[in-house]
Structures are given as structure tokens and as C-alpha cells.
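Descriptive analysis of the structure
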Amino acid sequence: MSCFLSAENNPDMESVYVRENGQLYRLNQASGGVNDHVLRPKPSRLFSKGFSIELCMNRENDNGRTDHFIFTYTKEGNLRYSAKSLFSLVLNYIADNIHHVDSLIGFPEQIGEKLFYAADARQKFTKPRTGLRALQKFTDAYGSLVLQILCLKNRYLVISEKLEEIKSFRDLTCLDLSCCKLGDDHELLEHITKETLSSLIQLRLKDNCLSDAGLRKMTAPVRVMKRGLENLSVLDLSCNPGITNKGVGFLLSFKQLNYLDLSGTGIEDMMVVIQQIQNQIGLVYSEVPLKEFDHNCKTEGWAEHTVLQWEHIIQEGINLQRSLKSRAAAQHFYGKRARAEEHCESSRGGGHWKTCENLQFYKRRAEVCSLPLLKKKTEDNEKLQKKRTPSPKPKEQSLKEKHLGLLMEDWDLLNSY
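This report concerns the structure included in the present document. (Residues numbered from 1 in each chain as written. Predicted model: local features only at pLDDT ≥ 70, side-chain atom pairs only at ≥ 80, totals over all residues. Heavy atoms only, no water.)

A few words now on the environment of Glu316. With respect to the element layout, Glu316 can be found in helix α11 (residues 304–321). Exposure remark for Glu316: the relative accessible area of 40% places this residue in the partly exposed category. Here the side chain of Glu316 touches His312 through a polar contact of 2.7 Å, side chain to side chain. (Helix = DSSP H or I, 4+ residues; strand = E, 2+ residues; numbered from the N terminus. Buried < 20%, exposed > 50% of the residue type's maximum accessible area, 1.4 Å probe, protein only. Polar contact = N/O pair within 3.5 Å; in protein donor to acceptor, adjacent residues only side chain to side chain.)

Written as C-alpha cells, this is what we have:
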């Protein structure tokens, strides 16, 4: 079968072409024969030569990006251009401009998760100006899905650099701040007592230089307004030598506690504390270390990789600022003095550890099941005691006021909330 084609741009308008067996021949009308000369047709192109360069690199607003198209190779080795789906294009565009979004409330969780990971891949939450604003859009809309468990053990630099971002997380169930040396007046400890973190079940404050004053501030909302850390079940306050017998009285307001660790504190009269905690909260002293206080906490949630990015960026900044020569010279000059100070600190620390090596409490399962029966019995006993002693002593009231009364400092704390 033959096909006749006419060439518009060819000056020879009377030429006739014939295709046979995949070859193109030109007929000479004058002689009526077939010209033996074979014409090689130009290879047809789907795109122009500069198409790929214009598409990927010569865009003013595209910044050299190639993510709008997928480039693959066929079996024959040809390059194939295929456009991405409209959903992925819109998702990437919103992720690039997430700090301009007003709110994500009402968006499905599946879309919110993909949008969060797309923004996290672009490191939108690590930028100093827009990172906090972008993160708050997700925490306000999705709550605990963004982060449910936060482990910041020995990461005091992350807390100091990303304090506002950490405070934006809400509905956490577990928070580990062990070995961060926060102290009694740290802003994060005040934030823990607010309603945004009333869902906390586990709180670990090991080795944070806390004292009785810090416990008084932390328990003020629960003691007075019956809000704050009401659902707290596991509390770790070990290795805080500033906590004494007086501070234990503030902890009696946590009625939902099932596990409590006071090891390494400054408690002197252990028997009095053991009886007090057992009578008020129903926790029993454990002679064996409890597995609940082993450090098995791990950050869980959408922002797990975001926290790792924060730590990595801060660590890179520290490594850049370090100078090995100056550090070695300082160590050589102050070597003897540093060793002497370490010896004094170790001797002081050893004295605190000898006071109470293991002071952990737990609630028995049988007691948890029989709580209503025990409450009835205690109420009956209280009624009998009231009949026998109709007039209460003023000393007992003064003791209760010391532990549960409203002092001027408590009113200042409540006004701050």
C-alpha cells in the first residue's frame, strides 16, 4: 500500500513520493520510473530540543524545581515525562506556604498527616520565624496526633532553644524531662500545670534541681482549684536532694497516683513518709526497684522526626562554635582546679544519695479493686471518731492549713494562671 504526501515547503511542487516496505521513494514523472535515491526522513520529536531545559530550569517562579513532573525511562531507553496528580501538586504548594494558612481545623486527619510530613520534609518547623506559627496550626487542629509522648531526657539545649515550640504541644500523655537541671523557677514547669497538659499520665522530673518550693508551685492548681495534673499516674522525682519531708505533703493532692519515686531526695525520716503516703494516697513502699521507672520512654507522634531535627541543628551549631585548641588550652590551665571541684561535688552528691537510696511506691491491684469498700469503712470509722471527739483540736486545723490552706504565695500563683 502506498501513501502520497505533498511537501508544502519544497520548491519542487510536482514531485511524488511513494513509501514501500518502510522506505520512502521519489517518483520521477518525466521518465515514469522510480528514483533509486532514498530519502532519509528526519526523526520526529515529541518535544523541541530545548523543552526539558525550559520546563525545569528557565522558570522564574519555580526556582529550578522538577517536582511537578515525574521522569522515567521506558524499556527502549527513552525518557518519559509524566505529570504528577493534582492532589500532590496542591499538597506540596500548601506545604511550601504552610505559615500563611489560617487554620487546619476541620481537615481530615489523613490529609493533615500527609501535609505535616510534606512540611517536615521541607524543614518548615525548624525555621526561627515561621516554624512556631506553622507548628501551632497542626497542634491546634490535631492535638495528640502531632505528639503524644515527648522524651527530652538530657536535652536541656533543645528546651532552651525551642521552648515556645515545646509549649505548643498539647494533650501529651507522657513527658520526660529527666536530667535537664531546670530548677524551681523554670517556665516549662509552670506550663506543665496548665490545662493544655491536664492529660498527662506520666511525668518524669528526675535530676532537675527541684525543692519543696518547686513542688508547691507545681501542685498549687490541683490543691486549690482541683485542676491541672489531676490524671497523673506515674511521677518520678528521684535525684532531687532539695525535696524534704515538707515537700511530700504537697504531693498528697495527687489522688490518682499509682507509682511514685522519691529515691535520692533529701527526705530524712523515711518511716514517717512511708506511713503518710500509704495512709493518704494508698501507695505501698516497694523494697525492689520498679520497672515502671526504667527509662523506656520514646518520642511518638507526627513530630517525632521534627524533634530530632531540632537536636541535630543545635548540635551542628555547637560543633561549629567549638575550638579544639582553645578548649585544650583551657583544660590544661584549669586542670587541677576542675579536678578539685569535681571531687567536692562527688562527695556532696554521695551524702545526698546515702539519705534514701531506694524510695519507690506503688499501688496494689487488689487495693484498686476494693477502693469503694475501703472508702465506706473509713467513712464509718470517721463517724465513730467524730462522736467520741465532738470538738476538733485547733492544732490539727493549723496542720491542715499548712498543707492545704491558701497562702499569699499560693494566691500569687493562682493569679498568674
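So, about helix α8 (residues 212–225). Its 14 residues place the ends of α8 20 Å apart at the C-alpha level, agreeing with the 20 Å of an ideal helix rising 1.5 Å per residue. When we look at burial in α8, the residues that qualify are Asp212, Gly214, Leu215, Arg216, Met218, Thr219, Ala220, Pro221, Val222 and Arg223. Phi for Lys226, located one or two positions after α8, is positive at around 60 degrees. (Expected span 1.5 Å × (residues − 1).)

What follows concerns the nonpolar core. Leu203 and Leu262 are the most contacted members of the largest nonpolar core, which totals 64 residues. Not counting the four nearest positions on each side in its chain, Leu203 is found in contact with Leu175, Ile192, Met218, Leu229, Leu232, Val234, Leu235 and Asp236. (Core = buried A, V, L, I, M, F, W, Y, C linked by side-chain atoms within 4.5 Å. Contact = heavy atoms within 4.5 Å.)

Sheet strands associate in pairs through backbone hydrogen bonding, adopting either a parallel or an antiparallel arrangement. An order of β6-β7-β8-β9-β10-β12-β11 is seen for the seven strands of this open sheet, with the pairing classed as mixed. Strands at the two margins of the open sheet, each flanked by one partner only, are β6 (149–151) and β11 (284–286). Put simply, the sheet's adjacent strands are angled 10 degrees from each other on average, direction ignored. The pairing of strand β9 (residues 234–236) with strand β10 (residues 259–261) spans three bridges and is classified as parallel. (Pairing = 2+ DSSP bridges. Axes fitted to C-alpha atoms, helices over the stretch in contact; angles between N-to-C directions.)

So, about the pairing of strand β5 (residues 79–83). Pairing between strand β4 (residues 69–73) and β5: five bridges, direction antiparallel. Looking at the pairing, Phe69 lines up with Ala83 of β5. The antiparallel hairpin formed by β4 and β5 contains five residues in its connecting segment, where Gly77 sits at a positive phi of about 95 degrees.

A full pass over the atoms with the stated rule returns nine aromatic pairs. With 6.3 Å between their ring centres and 75 degrees between their planes, Phe116 and Tyr117 make a pair best called edge-to-face. Phe116 gets classed as buried once you look at its relative accessible area, which sits at 0%. On the numbers, 5.0 Å between centres and 90 degrees between planes, the contact of Phe116 with Phe138 is edge-to-face. Residue Phe116 is located in helix α3 (residues 109–121), and its partner Phe138 is located in helix α4 (residues 131–142); the two are separated by 22 residues in the primary sequence. (Phe/Tyr/Trp six-rings, centres within 6.5 Å; stacked < 30°, edge-to-face > 60°.)

This part takes up a nonpolar patch on the surface. Taken together, the side chains of Leu86, Val90, Tyr93 and Ile94 make up a nonpolar region of the molecular surface, amounting to roughly 410 Å² of accessible area. Here Tyr93 shows up in helix α2 (residues 86–96). Owing to a relative accessible area of 58%, Tyr93 belongs among the exposed residues under this scheme. (Patch = residues over 30% accessible without salt bridge, like charges linked within 9 Å, V, L, I, M, F, W, Y side chains within 5 Å. Areas by Shrake-Rupley, 256 points an atom, 1.4 Å probe, with all protein chains shown as cover. Salt bridge = Lys/Arg side-chain N within 4 Å of Asp/Glu carboxyl O.)

At a closest axis distance of 12 Å, the pairing of α3 and α4 adopts a crossing angle of 160 degrees. What the angle tells us is that α3 and α4 run roughly antiparallel. As for how α3 packs across α4, the hand of that crossing is left-handed. Contacts between α3 and α4 involve Glu109, Gly112, Leu115 and Phe116 on the former and, on the latter, Leu135, Phe138 and Tyr142. Across the contact of α3 with α4, the residue classes tally to five nonpolar, one polar and one charged. (Parallel < 35°, antiparallel > 145°, perpendicular 65-115°, else oblique. Left-handed = near helix turned anticlockwise from the far one by under 90°. Nonpolar A, V, L, I, M, F, W, Y, C, P; charged D, E, K, R; others polar.)

This brings us to empty space enclosed by the protein. Under the defined criterion, the tally for this structure stands at one cavity of 30 Å³ or more. Computed from the structure, the largest cavity encloses a volume of approximately 40 Å³. For the largest cavity, the full set of lining residues is Ile166, Leu172, Leu175, Leu177, Leu188, His191 and Leu197. Split by residue class, the lining of the largest cavity holds six nonpolar, one polar and no charged. (1 Å grid on protein atoms, 1.4 Å probe; cavity = no way out; pocket = protein on both sides within 12 Å on 5 of 7 lines; lining within 4 Å. Points joined across faces, edges and corners; volume = space filled by probe spheres on them.)

In this section: the packing of α2 against α3. Two elements in contact, α2 and α3, have axes whose closest approach is 9 Å; the angle formed by their N-to-C orientations is 55 degrees. On the basis of their axis angle, the class for α2 and α3 is oblique. Here α2 and α3 pass one another in a crossing that is right-handed. Contacts between α2 and α3 involve Phe87, Leu91, Ile94 and Ala95 on the former and, on the latter, Lys114, Leu115, Ala118 and Ala119. Residue classes in the contact of α2 with α3 are distributed as seven nonpolar, no polar and one charged.

A few words on the pattern of salt bridges. Under the defined criterion, the tally for this structure stands at eight salt bridges. When the shortest N-O distance is used, the salt bridge between Glu164 and Lys167 registers 4.0 Å. Here Glu164 pairs with Lys167, and both are found in helix α6 (residues 163–167), just three residues apart, close to one helical turn. When its relative accessible area of 41% is taken as the criterion, Glu164 is described as partly exposed. A salt bridge links Glu195 to Arg227; its shortest N-O distance comes to 2.9 Å. A residue pair is termed long-range when its members are at least 10 positions apart, and Glu195 in the loop between α7 (187–192) and β8 (202–204) and Arg227 in the loop between α8 and β9 qualify at 32 residues. Each of Glu164, Lys167 and Glu187 takes part in salt bridges that share partners, so that together they form one network.

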